[in-house]
Amino acid sequence: MGRAFVVGLAVLAALTGCTVQTPDGEGKRRSPVHIELPSDAPKPDRTPAGGGDAPGAAPTPDDKPAAPAPARVLWSRGDTGRDVRELQARLRQVAWLFEGPTGTYGEQTERAVSGFQGKRGLPRTGKTDAVTWQRLVRMTREPGRWDLYLMGGQRADPPDARCRTGRVLCIDKTSRTLRWMIGGRTVSTMAVRFGSQGTPTREGVFSVYWKSRDHVSTLYDSPMPYAMFFSGGQAVHFSADFAARGYAGGSHGCVNVRDEAAIAELYAQVRNGDKVVVSW
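The rules behind each value
Each chain has its residues counted from 1, following the order in which its sequence is written. Owing to the predicted nature of the model, reporting of local features is limited to residues with pLDDT of at least 70; listing and counting of side-chain atom pairs is limited to 80 or more, with chain, interface and lining totals taken over all residues. As a convention, hydrogens and water are excluded, and side-chain values are obtained from all of the structure's heavy atoms. To qualify as a helix, a DSSP run of H or I must reach at least 4 residues; to qualify as a strand, a run of E must reach at least 2; elements of each kind are numbered from the N terminus. The buried label goes to any residue with under 20% of its type's maximum accessible area, the exposed label to any with over 50%, and the partly exposed label to all in between, with areas taken from a 1.4 Å probe on protein chains only. Any two residues whose heavy atoms approach within 4.5 Å are treated as being in contact. Whenever a carboxyl oxygen of Asp or Glu lies within 4 Å of a side-chain nitrogen of Lys or Arg, that contact is scored as a salt bridge. A fitted line through C-alpha atoms represents every axis, and for helices the fit uses only the stretch in contact; the resulting angles, taken between N-to-C directions, go from 0 to 180 degrees. Here the word oblique covers every angle except those under 35 degrees (roughly parallel), over 145 (roughly antiparallel) and from 65 to 115 (roughly perpendicular). We call a crossing left-handed when the near helix sits turned anticlockwise from the far one by less than a right angle, and right-handed when that turn is clockwise. Residue type decides the class: Asp, Glu, Lys and Arg count as charged, Ala, Val, Leu, Ile, Met, Phe, Trp, Tyr, Cys and Pro as nonpolar, and the leftover types, Gly among them, as polar. Two strands qualify as a pair provided DSSP detects at least 2 bridges between them. The method works on a 1 Å grid over the protein atoms by themselves. A cavity is a set of points holding a 1.4 Å probe that cannot get out, a pocket is an open set with protein on both sides within 12 Å along at least five of seven lines, and residues with an atom within 4 Å of a point line them. Grid points are joined across faces, edges and corners, and a volume is the space filled by probe spheres set on the points. By this rule the span expected of a helix is its residue count minus one, scaled by 1.5 Å.

Summing up its helical and strand segments, the protein has seven helices and 11 strands in all. Among the 280 residues that make up the protein, the fraction classed as buried is 36%. In the protein, the proportion of contacts linking residues at least 24 apart, taken out of those at least 6 apart, comes to 51%.

A separate point is the pattern of salt bridges. Considering all chains together, one arrives at 12 salt bridges under this definition. The salt bridge involving E86 is made with R82; its shortest N-O contact spans 2.5 Å. Here the residue E86 and the residue R82 both occupy positions in helix α2 (residues 82-93), the gap between them amounting to four residues, near one helical turn. Judged by its relative accessible area of 39%, R82 falls in the partly exposed class.

Here we take up the packing of α2 against helix α3 (residues 107-119). At their nearest, the axes of α2 and α3 sit 11 Å apart, and the two run at 55° to each other. If you check the angle between α2 and α3, you find them oblique. Here the hand of the crossing between α2 and α3 comes out left-handed. Touching L87, Q88 and L91 of α2 are T109, A112, V113 and F116, all from α3. For the contact of α2 with α3, the per-class residue count stands at five nonpolar, two polar and no charged.

In this section: the pairing of strand β11 (residues 275-279). Taken residue by residue, a regular strand's side chains alternate between the two faces of the sheet. With four of five residues buried, β11 lies mostly within the body of the structure. Relative to β11, strand β6 (residues 204-207) is paired through four bridges, and the arrangement is antiparallel. Bridging from a neighbouring strand, V205 pairs with V277 of β11.

Let's shift gears to unusual backbone geometry. Put simply, G100 and P101 share a cis peptide bond, and its omega is 5°. Here P101 lies in the loop between α2 and α3. For A95, which is not glycine, the phi torsion reads 60° and is therefore positive. Structurally, the position occupied by A95 is in the loop between α2 and α3. Overall, A95 belongs to the partly exposed group, its relative accessible area being 45%. Phi is positive for R176, close to 55°, though the residue is something other than glycine. For R176, a relative accessible area of 23% puts it in the partly exposed group.

Time to look at the layout of surface pockets. Size it by volume and the largest pocket reaches roughly 470 Å³. Considering the residues around the largest pocket, the lining is formed by 26 residues, among which Y220, S222, M224, H237 and H252 are closest to the centre. Sorting the residues of the lining of the largest pocket by element identifies β7 (210-216), β8 (223-231), β9 (234-238) and α6 (240-245) as the ones contributing at least two each. Among the elements that make up the lining of the largest pocket, the one with the highest residue count is β8 (four residues).

Taking 1.5 Å of rise per residue, 12 residues should cover 16 Å, and α2 covers 17 Å from first to last C-alpha, within 8% of that figure. Where α2 is concerned, the buried positions are V84, R85, E86, L87, Q88, A89, R90 and L91. As for α2, its buried residues are in contact with β1 (73-75), α3, β2 (128-129), α4 (130-139) and α5 (145-148). A95 sits one or two positions beyond α2 and adopts a positive phi of about 60°.

What follows is the structure, encoded as structure tokens:
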């Protein structure tokens with residue numbers, strides 16, 4: 001009967017997941033039956049390497065979602081170039097900027113960008129980042145060449161061959177520039193504006209026949225400071241309208257200069273009889 005009881009106990013142990021223990025290392029017998037009961041406590045060997053939380057563990061108070069990376073800045077104060085001109089031209093289209101384009105990212109441009117950003121719920125940094133730029137592009141059209149150079153600053157094209165000798169006011173309608181040249185060398189260059197379609201500036205080779213420092217047009221009753229006449233009533237002269245509006249306006253046939261300091265210096269150097277070349 002004792003043998004049958006031991007056999008029965010072994011069967012019971014096998015069915016309930018128990019293990020029969022052998023003597024320990026010191027020869028002492030341990031309990032012949034060891035029953036492992038389930039436990040809710042985590043086992044040390046289940047902790048992930050590195051001491052991290054187990055899968056599914058509740059986040060601790062220090063766990064915070066990562067902040068989104070700031071948009072990449074494309075241009076900011078102090079930058080220069082053609083891209084800055086386009087930015088300024090587009091800001092003019094949406095009435096956030098009223099000067100330039102100058103091609104230089106200055107205080108006025110920074111203020112315009114900040115205002116544009118704030119109106120659309122973007123961070124008011126004054127810096128043109130990718131998000132700000134994309135929003136502005138969607139609201140505006142591609143600027144043309146004279147939108148980019150509305151107030152001048154464009155490069156002059158190579159001079160006409162007829163300007164290579166002598167003292168010449170070399171005027172190019174394509175690049176809208178005037179070169180003052182002596183002996184084939186360019187002394188100074190400035191942006192100029194021409195007559196409108198109804199009153200075009202004449203093309204050809206002329207010469208300065210009269211200078212008038214404080215001239216006023218008798219035909220249009222408008223000031224023509226530093227006038228240098230070369231063909232009838234057409235002259236090279238300073239234009240306050242060109243200085244204020246740029247290429248948004250036009251003349252009655254004269255060659256307008258917007259930089260008063262530059263034309264004052266030019267006026268002092270040009271003589272009656274100097275050649276004038278107006279070409280495309």
